[in-house]
Amino acid sequence: GFSDYVQAMRSETAVETAGRNAAFVVRTYPNPVVDKLSIDIADPITRPYKATLTDMQGKDVSELKIEEQHSILDMEWQSKGMYYIRVYDPDGILLYSLKFVKS
């Protein structure tokens with residue numbers, strides 16, 4: 001419901017990586033998601049990034065190789081509820097983590 005949406009919006013965080021400042025920008029939208037989650041990466045992509053989708057039980061439910069600055073994660077087949085999206089750089093360093101609602 002709405003309280004889950006507000007909770008997810010409040011928990012939106014950009015993860016700072018070791019030895020780097022938060023100059024890197026990842027953006028995901030919309031929240032809540034109905035069928036497609038957009039993932040935007042500010043930096044030019046020369047090697048693939050990785051995004052993982054995890055349910056609230058901690059189970060990985062999807063993985064996406066990101067090869068363009070704008071990517072779409074198909075959420076149409078996922079059950080309604082809360083999920084985590086995590087985006088990793090080409091070296092496997094976590095850059096971004098967000099809890100969001102699938103409605």
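Just above sits the structure.
Residues numbered from 1 in each chain as written. Predicted model: local features only at pLDDT ≥ 70, side-chain atom pairs only at ≥ 80, totals over all residues. Heavy atoms only, no water.

**Regarding the packing of aromatic side chains**
Okay, step 1: Counting across every chain of the model gives one aromatic pair.
Okay, step 2: Taking NZ or CZ as reference, Lys50 lies 5.3 Å from the ring centre of Tyr88, over its face.
Okay, step 3: Taking the ring centre of Tyr84 as reference, the NZ or CZ of Arg86 above it sits at 4.9 Å. (Phe/Tyr/Trp six-rings, centres within 6.5 Å; stacked < 30°, edge-to-face > 60°. Lys NZ or Arg CZ within 6 Å of the ring centre and 35° of its normal.)

**Comments concerning the pairing of strand E8 (residues 94–102)**
Okay, step 1: Within E8, eight of the nine residues are buried, which leaves it mostly tucked inside the rest of the structure.
Okay, step 2: Note that strand E7 (residues 81–88) and E8 share eight bridges and pair antiparallel. Note that in E8 the partner of Gly81 across the bridge is Lys102.
Okay, step 3: Here E7 hands over to E8 after five residues, with Gly92 in that stretch at a positive phi of 85°. (Buried < 20%, exposed > 50% of the residue type's maximum accessible area, 1.4 Å probe, protein only. Helix = DSSP H or I, 4+ residues; strand = E, 2+ residues; numbered from the N terminus. Pairing = 2+ DSSP bridges.)

**Here's the deal with the nonpolar core**
Okay, step 1: Counting 19 residues, the largest nonpolar core has Ile39, Ile66, Leu73, Met75, Ile85, Val87 and Phe100 as its most contacted members.
Okay, step 2: Of all the secondary structure elements, the ones that give two or more residues to this core are strand E3 (36–41), strand E4 (49–55), strand E5 (60–66), E7 and E8.
Okay, step 3: Counting residues per element, this core draws most heavily on E8, which supplies four residues. (Core = buried A, V, L, I, M, F, W, Y, C linked by side-chain atoms within 4.5 Å.)

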